Amino acid sequence: MPPIARPCGRPRRRPKKLHADKAYDDPALRLACHLRHIVPRIARKGIESSEKLGRYRWVVERTIAWLRRFRRLTVRYERRADIHRGFLKLSVCLICLSYVQTSFC
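What counts as what
Residues numbered from 1 in each chain as written. Predicted model: local features only at pLDDT ≥ 70, side-chain atom pairs only at ≥ 80, totals over all residues. Heavy atoms only, no water. Helix = DSSP H or I, 4+ residues; strand = E, 2+ residues; numbered from the N terminus. Buried < 20%, exposed > 50% of the residue type's maximum accessible area, 1.4 Å probe, protein only. Contact = heavy atoms within 4.5 Å. Polar contact = N/O pair within 3.5 Å; in protein donor to acceptor, adjacent residues only side chain to side chain. pLDDT = per-residue confidence, 0-100.

Considerations on the overall build of the chain
So, point 1. A count of helices and strands for the chain gives 4 helices and 2 strands.
So, point 2. Listing every helix and strand of the chain by position from the N terminus yields β-α-β-α-α-α.
So, point 3. Within the chain, the proportion of its 105 residues that are buried is 13%.
So, point 4. Within the chain, residue pairs in contact and separated by at least 24 positions form 26% of the contacts whose partners lie at least 6 positions apart.

Description of the side chain of Asp25
So, point 1. Within the element layout of this structure, Asp25 appears in the loop between strand 1 (17–20) and helix 1 (27–35).
So, point 2. Of note is the side chain of Asp25, whose polar atom sits 3.2 Å from the side chain of Arg30.
So, point 3. With residues up to four places along the chain from it excluded, the contact list for Asp25 reads Arg30, Ile42, Ala43, Arg44 and Lys45.

Section: the environment of Ala43
So, point 1. Looking at where Ala43 falls in the secondary structure, it is placed in the loop between strand 2 (39–42) and helix 2 (51–67).
So, point 2. Among the residues examined, Ala43 registers a relative accessible area of 1% and is labelled buried.
So, point 3. Ala43 sits 24 residues away from His19 along the chain, and the two C-alpha atoms are 8.4 Å apart.

Notes on the confidence of the model for the chain
So, point 1. Mean pLDDT over the chain works out to 81, with 90% of the residues at or above the 70 mark.
So, point 2. Highest mean pLDDT in the chain belongs to helix 1 (93); lowest belongs to helix 2 (72).

Quick look at the structure:
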C-alpha cells in the first residue's frame, strides 16, 4: 500500500497558550488543552476577574470590529473562498493604510 500523503502547505503549529473567558471554564476543555500541551489561560467562574484576560481579548474584538466596517465581509455574498479571502486581504490593507496615515500625519 502506498503511504498516506501529507496535506499540502506548511505544517500546522500549535499555540503555546490559550486565552479564554469564563464561558470556557470546563474541566474537559482544560484537559483537552493539557493533552495537546497547550497552557490554558481560562478565567475561573467566581474566582478570577476577567480584567486580566480582557486585555488580550480586547485586541481580537477590536480587530473584528474594524473588519465589520466592510459590509461585504460581514454579510458574506461570495460563495467562493478565494474571492472572500481576497476581499479580506484588501480590507486588512485598507485598515493598515489608514493606521499609517493617521500615525504619520
